[in-house]
Amino acid sequence: MPKIKIYDDIQAPADTTKFHFEGRNPFRVFDMVRGLLRDVMKISSKDILETDVRWDVFADPRAFYGMWMGKRKEDRWTMTNIRIILQGEISMKTRAGWLDARFKGTVDTEYEYHNFIQKGFWWQYNRFFYYGQRRKYIDYANDNIRDIRRKMMEALGIAPDTHARV
């Protein structure tokens, strides 16, 4: 069945929000990600995907990398996806290191149609009625990303209104 698909970046015009941390125990937010996605996005654990998690236990400093994605079904046609990527290193002797955190997201809308009349209806419906609702989903997801970022920065001891380097 043919489909109309609309993908919106949550943080347009930039697609990514980032922060960099240098200091004591940057690995502490690594264990927080699943809980933050669950609590902030208000989703169940089955909607959280741990797509790639790895760390090097043989070197010092030890490198780590993780990617998580939270999926939230907004309504029949729209889904929100938020992806968090953490990468860094930590010294096992001093517990100091660095962390790069990146936050990305999209709001995906998909309409199915059977013929050209229905296709025209969906374009008109989207333009005149559903556009405002999609904007609300995008704004809400953007607030979710900002909340997750703020909570991670607080856990690392970074004041949200200061520069992210510590």
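Look up: the structure comes first, before these words.
Residues numbered from 1 in each chain as written. Predicted model: local features only at pLDDT ≥ 70, side-chain atom pairs only at ≥ 80, totals over all residues. Heavy atoms only, no water.

Chemist: Explain the overall build of the chain here, please?
Modeler: Scanning the chain from terminus to terminus reveals two helices and six strands. Moving toward the C terminus, one meets the helices and strands of the chain in the order β-β-α-β-β-β-β-α. With respect to the three principal axes, the spread of C-alpha positions in the chain is 65 × 35 × 25 Å. Evaluated residue by residue, the chain yields a buried proportion of 40% over its 166 residues. Contacts in the chain between residues at least 24 apart in sequence constitute 68% of all its contacts with a sequence separation of at least 6. Carbon and sulfur atoms make up 52% of the accessible area of the chain, which totals about 9600 Å². Both charge centroids of the chain, one from 30 positive and one from 23 negative side chains, sit 2 Å from each other. (Helix = DSSP H or I, 4+ residues; strand = E, 2+ residues; numbered from the N terminus. Buried < 20%, exposed > 50% of the residue type's maximum accessible area, 1.4 Å probe, protein only. Contact = heavy atoms within 4.5 Å. Areas by Shrake-Rupley, 256 points an atom, 1.4 Å probe, with all protein chains shown as cover. Lys, Arg positive; Asp, Glu negative; His and termini not counted. Charge placed at Lys NZ, Arg CZ, Asp CG, Glu CD.)

Chemist: Before we go on, may I ask you to explain the packing of helix 1 (residues 33-41) against helix 2 (residues 116-156) in this structure?
Modeler: Geometrically, a packed helix pair is captured by the angle between its two axes and the distance between the axes. The N-to-C vectors of helix 1 and helix 2 enclose an angle of 140 degrees; their axes lie 10 Å apart at closest approach. Here helix 2 runs oblique to helix 1, going by the angle between their axes. You can see that helix 1 and helix 2 cross each other, and the crossing is right-handed. From helix 1, Val-33, Leu-36, Leu-37, Val-40 and Met-41 reach across to helix 2, where they touch Tyr-140, Asn-144, Asp-147, Ile-148, Lys-151 and Met-152. Broken down by class, the residue content of the contact of helix 1 with helix 2 amounts to eight nonpolar, one polar and two charged. (Axes fitted to C-alpha atoms, helices over the stretch in contact; angles between N-to-C directions. Parallel < 35°, antiparallel > 145°, perpendicular 65-115°, else oblique. Left-handed = near helix turned anticlockwise from the far one by under 90°. Nonpolar A, V, L, I, M, F, W, Y, C, P; charged D, E, K, R; others polar.)

Chemist: I'm lost on the layout of surface pockets in this one. Help?
Modeler: The method is simple in principle: a probe with the dimensions of a water molecule rolls over the atoms, and the space it marks as empty is what remains. Taken as a whole, the largest pocket encloses approximately 270 Å³ of empty space. As for the largest pocket, its lining consists of 14 residues, of which Lys-73, Arg-76, Trp-77, Glu-110 and Tyr-111 are closest to the centre. Elements with a minimum of two residues in the lining of the largest pocket: strand 1 (3-9), strand 5 (78-90) and strand 6 (96-112). At five residues, strand 6 tops the list of elements feeding residues into the lining of the largest pocket. Across the lining of the largest pocket, the residue classes break down as five nonpolar, three polar and six charged. (1 Å grid on protein atoms, 1.4 Å probe; cavity = no way out; pocket = protein on both sides within 12 Å on 5 of 7 lines; lining within 4 Å. Points joined across faces, edges and corners; volume = space filled by probe spheres on them.)

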